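In case you want the letters, here they are:
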Amino acid sequence: MGHGQKSSSEPVFWYRSPAPRLNMLVSGIYGYRENGAAMQGLTETASLTVPLIVNFGSPFRIGLGRTPTLADSYGSFAAGLFAGPIVMDSDGAAECIQINFTPLGGRLFFGLPMSELADRMVALDDLADCDIDQFARRLAELNSWESRLDLAEHFIAIRLDRASQANPLIGWAFSQLMLKGGDVRIGALAEKLDWSRRRLVASFREEIGLPPKSVSRIIRFNAAQALAAKGTAAGWADIAAACGYADQAHLTREFTSLAGCAPTAWRPAK
């Protein structure tokens, strides 16, 4: 578990790695506390993360693909996949636990069709889930961030152990997209499953939240980001070729759509 910056005005972070048996379902458990420094226009690029945020402080303002307004305020909430940038503001007093699920982990944890969470934030009250509500109240009662992370880890493990089994065929199809960096023909996936394309798309929306083509776009885009962050590629043209884009112009269009900026303007998170 790591702590954030030491400056009194900078936010502080705590991190808990998921247990090995949860590696394919949970990507991380975080604590976050702001110390007075407001967040303005922080942009998160498209990813395959399904977050649950339990907030003990001021709400965040969050806009999907746009600058948020005061009407876009969210305290504790869950969110599904969104094929675009997410822009966030805060007033400097947010304080929360964030659990990041994979799409398959989110499907099991929330027990909902992921289409109900995709492209939106859903307040915890609107989830109408008594166990999650009780979990949020217990977190708020704790004063130690270590204790909050312990509780979150315990609650996640128990709930996932009790969850109904996910659709194994969609799990296989999703793993194929991940293994091949999104470079899989959707028609070929449907043929392997002996399904129609329509059935495959509908099943992906239910289990993952987005259709397979959108998921493939995000996988390829995230691979380009990872390669750029390593700093080993000669340039964006090489990154485009390595990640299966037709050319650098194609990569640029995808960055504009999924990150909200051109590749040359993007910087990896520190």
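Our subject is the structure that appears above.
The paragraphs below set out a description of the structure included in this document. Note that this is a predicted model, so its numbers are computed, not measured.

Criteria and thresholds
Residues numbered from 1 in each chain as written. Predicted model: local features only at pLDDT ≥ 70, side-chain atom pairs only at ≥ 80, totals over all residues. Heavy atoms only, no water. Phe/Tyr/Trp six-rings, centres within 6.5 Å; stacked < 30°, edge-to-face > 60°. Helix = DSSP H or I, 4+ residues; strand = E, 2+ residues; numbered from the N terminus. Buried < 20%, exposed > 50% of the residue type's maximum accessible area, 1.4 Å probe, protein only. Lys NZ or Arg CZ within 6 Å of the ring centre and 35° of its normal. Salt bridge = Lys/Arg side-chain N within 4 Å of Asp/Glu carboxyl O. Contact = heavy atoms within 4.5 Å. Expected span 1.5 Å × (residues − 1). Pairing = 2+ DSSP bridges. Polar contact = N/O pair within 3.5 Å; in protein donor to acceptor, adjacent residues only side chain to side chain. Axes fitted to C-alpha atoms, helices over the stretch in contact; angles between N-to-C directions.

1. Brief notes about the packing of aromatic side chains
- Counted by the stated rule, this structure contains 14 aromatic pairs.
- The interplanar angle of 10° and the centroid separation of 4.6 Å between the aromatic rings of Trp-14 and Trp-145 together place this pair among those described as stacked. Here the residue Trp-14 occupies a position in strand β1 (residues 12-16), and Trp-145 occupies one in helix α4 (residues 145-162), the gap between them amounting to 131 residues.
- A relative accessible area of 8% places Trp-145 in the buried class.
- Three or more aromatic residues joined by ring pairs make a cluster, and in this case those are Phe-101, Phe-109, Phe-110, Phe-135 and Phe-155.
- Here Arg-159 stacks its cationic end above the ring of Phe-109, 4.8 Å away from the centre of that ring.

2. Observations concerning the pattern of salt bridges
- In this structure the tally under the stated criterion is 10 salt bridges.
- Across the salt bridge formed by Glu-95 and Arg-148, the nearest N and O atoms sit 3.4 Å from each other. Taken together, the residues span a long stretch of sequence, with Glu-95 in strand β9 (residues 95-101) and Arg-148 in helix α4 at a distance of 53 residues.
- Relative accessible area serves as the criterion here: at 23%, Glu-95 is assigned to the partly exposed category.
- You can call Arg-148 buried: its relative accessible area is 5%.
- A cluster of three or more residues bridged by salt bridges with shared partners is formed by Arg-16, Glu-146, Asp-150 and Glu-153.

3. Description of the environment of Glu-95
- Sequence-wise, Glu-95 and Glu-34 are 61 residues apart; in three dimensions their C-alpha atoms are separated by 6.2 Å.
- The residues contacting Glu-95, other than those within four sequence positions of it, are Tyr-32, Arg-33, Val-54, Asn-55, Phe-56, Gly-57, Trp-145 and Arg-148.

4. Focus on unusual backbone geometry
- Phi at Asp-119 is positive, roughly 65°, even though this residue is not glycine.
- Along the polypeptide, Asp-119 turns up in the loop between α1 (103-110) and β10 (121-123).
- If you check the backbone angles, Asp-194 has positive phi at about 60° while not being a glycine.
- By the secondary structure assignment, Asp-194 is in the loop between α6 (186-193) and α7 (197-207).
- Among the residues examined, Asp-194 registers a relative accessible area of 70% and is labelled exposed.

5. Some points on helix α8 (residues 212-230)
- Its 19 residues place the ends of α8 27 Å apart at the C-alpha level, agreeing with the 27 Å of an ideal helix rising 1.5 Å per residue.
- Turning to α8, its buried residues are Pro-212, Ser-214, Val-215, Ser-216, Ile-218, Ile-219, Arg-220, Phe-221, Ala-224 and Gln-225.
- Residues of α8 that are buried sit in contact with α5 (168-179), α6, α7, α9 (236-242) and α10 (248-258).
- Gly-231 sits one or two positions beyond α8 and adopts a positive phi of about 75°.

6. Overview of the pairing of strand β4 (residues 50-55)
- Judged by how many residues are buried, β4 sits mostly within the fold: 6 of 6 residues are covered.
- Alternating residues of β4 divide into Val-50, Leu-52 and Val-54 and Pro-51, Ile-53 and Asn-55, and every residue in both groups is buried.
- Looking at chain direction, β4 and strand β7 (residues 77-79) are connected through 2 bridges and run antiparallel. Note that in β7 the partner of Leu-52 across the bridge is Ala-78.

7. Quick look at the side chain of Arg-16
- By secondary structure assignment, the location of Arg-16 is in strand β1.
- Of note is the side chain of Arg-16, whose polar atom sits 2.9 Å from the side chain of Asp-150.
- Contact partners of Arg-16, with chain neighbours within four places excluded, come to Gly-28, Ile-29, Glu-146, Leu-149, Asp-150 and Glu-153.

8. Describing the sheet that holds β9
- Reading across the sheet, the 6 strands line up as β1-β2-β9-β4-β7-β10 and stay open at both edges, with antiparallel pairing between neighbours. Strands with a single pairing partner mark the edges of an open sheet, and in this sheet they are β1 and β10. The mean inter-strand angle of the sheet, taken between neighbouring strand axes irrespective of direction, is 20°.
- Note: β7 against β10, 3 bridges, orientation antiparallel. Bridge pairing in β10 links Ala-79 to Met-121.

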